[in-house]
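Listed below, chain by chain, are the residues.
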Amino acid sequence: MEIVADIPGPEECATRIFNYSGQKFEPEVAAEYWMKILQHKWFLSEKLGRDVGFKVACVDFIDNTESIQQELMKEQTVNLLKELGAQVIDRSIWDTISETQPPKRIVDKMIILPLTEVELAQKHGVTPPKTIIFFGPPGTGKTHFVKAIAGVLGWWYIEASPSDLMADGQDRLGKNLKQLMEKAATVDNAVIFIDEFEEIAGNRDQASRVDKSITNEFLKQVPLFKKQAGNTLLVCATNYIEQLDSALLRPGRFDLIIPVGALDNEGRKTIFEHYLEKTNHGEVDIDKLVGMIDFFTPADIEYLFRKVTQRSFEKELAEGKDYRISTGDFTGLLPRVKPSLNVEIIKQFDRDCHKYTRL
Ligand SMILES: Nc1ncnc2c1ncn2[C@@H]1O[C@H](COP(=O)(O)OP(=O)(O)OP(=O)(O)O)[C@@H](O)[C@H]1O
Ligand SMILES: [Mg+2]
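Residues numbered from 1 in each chain as written. Chains lettered and ligands numbered in written order. Predicted model: local features only at pLDDT ≥ 70, side-chain atom pairs only at ≥ 80, totals over all residues. Heavy atoms only, no water.

## A word on the overall build of the protein
Heads up, the condition is: Numbering of helices and strands runs from the N terminus; a helix is a DSSP stretch of H or I covering at least four residues, while a strand is a stretch of E covering at least two. Computation of the radius of gyration draws on C-alpha atoms, with the globule rule given as 2.2 Å multiplied by the number of residues to the power 0.38. Only protein chains enter the accessibility calculation, which uses a 1.4 Å probe; a residue whose area is less than 20% of its type maximum is buried, one above 50% is exposed, and one in between is partly exposed. As used throughout, the charge tally considers Lys and Arg to be positive and Asp and Glu to be negative, leaving His and the chain termini uncounted. Positions of charges follow a simple convention, taking NZ of Lys, CZ of Arg, CG of Asp or CD of Glu.
Along the backbone of the protein there are 16 helices and 6 strands. The C-alpha atoms of the protein give a radius of gyration of 27 Å, which is well past the 21 Å a tight globule of 359 residues would have. Counting only C-alpha atoms, the protein reaches 90 × 60 × 50 Å along its principal axes. In the protein, which comprises 359 residues, the proportion classed as buried is 43%. The average position of the 45 basic charges and that of the 55 acidic charges among the side chains of the protein differ by 5 Å.

Below is the structure:
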């Protein structure tokens, strides 16, 4: 038997391979494989003493070629990551958080190190966490921490909010959530982040029938996710921990429940310096200014800088000469930026910390 001299173009090769095996390849790859499939057809026919068809040769070739299997897996993983909107996060985001900013030390000790110092963790019987809740007032840095974790671990960052999961209708939320969790569990080295978690896992006593079914779905998914062997973390964030269903908060479902609260002076200073570095500035009395922004969250500091930089930009445009930000620019604009935190919010947060924190 001879190798049939039928060498179609790359696109046609991809179509043929797809029709025979159901596997999709890029045309260039398909063209390369097609030649090998023709050889394989000849080889199989010789071996079996009968003329095997293209379909048999194609399927057998794909099934038995390790490198193709690896290619396929790689391609499937890439497609899945694309579908899930996976992002690569810069490692440097971790350094924008000062050592004293809570909960950096907890995150380091209880999440990062058990996942990076694997042998030592095993030696001491420490199991790295798989499921985590971050709670705290708006703008305190919950999302920022989740990104920082993904960055420092060098893992994929996959984010989903209830509004994403409801994009094709509220009644689809449960189904989309199930799909997301099932897919996410098959990805390796990924942090899966669900924001506005109370919308998905709200208290069933106060929920409508639809909401209840979503919470139930989530309660089912968490143990399945925890059973997956790969390197994955599920992190959920909420501003309203008291609204979560109590069944979810019981030990066993979430390994860690971590508060993300107000910044201390050091934390405010680190963030202030981080943003200041990106501006066109002159003499700025950082300590004085940091002392004036007691109840500011990271989001408030970011907003203050947006205002100050916009103003300096406009000044230079108007005056036509280099304008450098100074302490006065900040003190002038500070009265216009209202801090998100106050004594009442902090008291409530302290009560929540007492009641819900689990480390
Ligand atoms: N060291 C830092 N810690 C936390 N956030 C920071 C830090 N440096 C900068 N930020 C910025 O502060 C802003 C607020 O943080 P983030 O969005 O993480 O808060 P959040 O708690 O998730 O808020 P929300 O409850 O509204 O979702 C973000 O733009 C973030 O990038
Ligand atoms: Mg957030």
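Right, picking up where we left off after that structure.
## Quick notes on unusual backbone geometry
In this structure, the amide linkage connecting Pro102 to the following residue, Pro103, adopts the cis form with an omega of 0 degrees. For Glu196, which is not a glycine, the phi torsion comes out positive at approximately 45 degrees.

## Section: the packing of aromatic side chains
Each pair of aromatic rings is reported with the distance of its centres and the angle of its planes. Operational definition: Any two of the Phe, Tyr and Trp rings considered here, Trp counted by its six-membered ring, make a pair once their centres fall within 6.5 Å; the pair's planes then place it as stacked at under 30 degrees, edge-to-face at over 60, or tilted in between. Placement of a charge over a ring requires the Lys NZ or Arg CZ to be within 6 Å of the ring centre, with the centre-to-atom vector within 35 degrees of the ring normal.
One pass over the structure, following the stated rule, counts 14 aromatic pairs. Summarising the aromatic geometry, the rings of Phe272 and Phe305 are spaced 4.9 Å apart at their centres and angled 70 degrees between planes, so their arrangement reads as edge-to-face. Highlighted residues: Phe272 in helix α12 (residues 265-276) and Phe305 in helix α14 (residues 298-319), separated in sequence by 33 residues. For the pair formed by Phe272 and Phe305, the shared burial category is buried. Put simply, the rings of Phe272, Tyr275, Phe305 and Phe330 pair up and form one aromatic cluster. The ring centre of Phe54 lies 4.9 Å from the NZ or CZ of Lys41, which sits over that ring. Residue placement shows Lys130 over the ring face of Phe225; its charged tip is 5.7 Å from the ring centre.

## Some details on the pattern of salt bridges
Worth spelling out the cut-off: Here a salt bridge means any side-chain nitrogen of Lys or Arg lying within 4 Å of a carboxyl oxygen belonging to Asp or Glu.
Tallying each qualifying case throughout the model produces 14 salt bridges. Linking Arg351 and Glu344 is a salt bridge whose minimum nitrogen-to-oxygen distance equals 4.0 Å. Classification of Arg351 by relative accessible area gives partly exposed; the value is 45%. Residue Glu344 is classed as partly exposed on the basis of its relative accessible area of 48%.

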